[in-house]
Amino acid sequence: ISSVIIHAYWASNEFTERLMQFRDIVILYLTINQYWYMCGGNNAITLNASNLVNNHLFYGPSKTIRTTKTESGFSWRHKQKLLTDVFYQKHIGRFVFTRKIDENKQYYHEVIDGDSRLITLHEFFNNKITWNGKKYNQLSGKERITFSNYKIEIEFV
């Protein structure tokens, strides 16, 4: 009977793992399609910060958004100022992207202006840097909403 229980436990773990993989694929697909839908055919758009700095867009299979830098060129002080401006809903400037196609015929957007700002926002959203001594996942619910709903202007050239 113990081998039946062990097999049932293993099968349920296997099923749970497959279900989580399926969930991740669906989230990836929805995130990327939502992004392309919002960007489709427009020369300028406004997105919420959480839509723009999503890991799936930077590191997913399609690498939808590609920066020319691997890390922000901002000093710690500049990063803190940028994040403070976001939390106080100040304008941080427009981001400029260009539409491109890679060697695998994948469409993507390359950042022309705003690399350091975008990388800083991405780092914070993914808990790699702090603001006021807190990582994103340590913020209050109100602070998370403020950051996530911050409006970012994007222009396509």
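The structure contained in this document is the topic of the report that follows. (Residues numbered from 1 in each chain as written. Predicted model: local features only at pLDDT ≥ 70, side-chain atom pairs only at ≥ 80, totals over all residues. Heavy atoms only, no water.)

### Focus on the overall build of the protein
A tally of regular secondary structure across the protein gives 6 helices and 5 strands. Mapped in sequence order, the helices and strands of the protein form the string α-β-α-α-β-α-β-β-α-α-β. Classification of the 157 residues of the protein by burial places 38% in the buried group. Partitioning the contacts of the protein with sequence separation of at least 6, the portion at a separation of at least 24 is 68%. On the protein, roughly 9,800 Å² of surface is accessible, and the fraction owed to carbon and sulfur atoms is 56%. On the protein, the mean spot of the 20 positive side-chain charges and the mean spot of the 14 negative ones are 5 Å from each other. (Helix = DSSP H or I, 4+ residues; strand = E, 2+ residues; numbered from the N terminus. Buried < 20%, exposed > 50% of the residue type's maximum accessible area, 1.4 Å probe, protein only. Contact = heavy atoms within 4.5 Å. Areas by Shrake-Rupley, 256 points an atom, 1.4 Å probe, with all protein chains shown as cover. Lys, Arg positive; Asp, Glu negative; His and termini not counted. Charge placed at Lys NZ, Arg CZ, Asp CG, Glu CD.)

### A word on the side chain of R117
With respect to the helices, strands and loops of the structure, R117 is situated in helix α5 (residues 115–125). Within polar-contact distance, the side chain of R117 engages the backbone oxygen of I92 at 2.8 Å. Beyond its immediate sequence surroundings of up to four residues, R117 is in contact with F74, L82, I92, G93, R94 and F95. (Polar contact = N/O pair within 3.5 Å; in protein donor to acceptor, adjacent residues only side chain to side chain.)

### Regarding the pattern of salt bridges
Overall, the coordinates contain 8 salt bridges when judged by the stated rule. The closest approach of N and O atoms between K100 and E110, which form a salt bridge, is 3.3 Å. Of this pair, K100 sits in strand β3 (residues 95–101) while E110 is found in strand β4 (residues 107–113), placing the two residues 10 residues apart along the sequence. Residue classification places K100 among the partly exposed residues on the basis of a relative accessible area of 32%. We classify E110 as buried; its relative accessible area is 18%. When the shortest N-O distance is used, the salt bridge between E143 and K134 registers 3.7 Å. Taken together, the salt bridges that share partners define one network made up of R94, E153 and E155. (Salt bridge = Lys/Arg side-chain N within 4 Å of Asp/Glu carboxyl O.)

### Structural notes on the environment of D102
Position of D102 relative to the elements: it lies in the loop between β3 and β4. A polar contact of 2.9 Å, which involves the side chain of D102, links it to the backbone nitrogen of N104.

### With respect to the nonpolar core
If you look at the biggest cluster of nonpolar residues, it comprises 33 residues, and the most contacted ones within it are F97, L121 and F147. If sequence neighbours within four positions are ignored, F147 has contacts with A49, V53, L83, V86, F87, L121, F124, F125 and Y136. (Core = buried A, V, L, I, M, F, W, Y, C linked by side-chain atoms within 4.5 Å.)

Geometry only, nothing functional implied.
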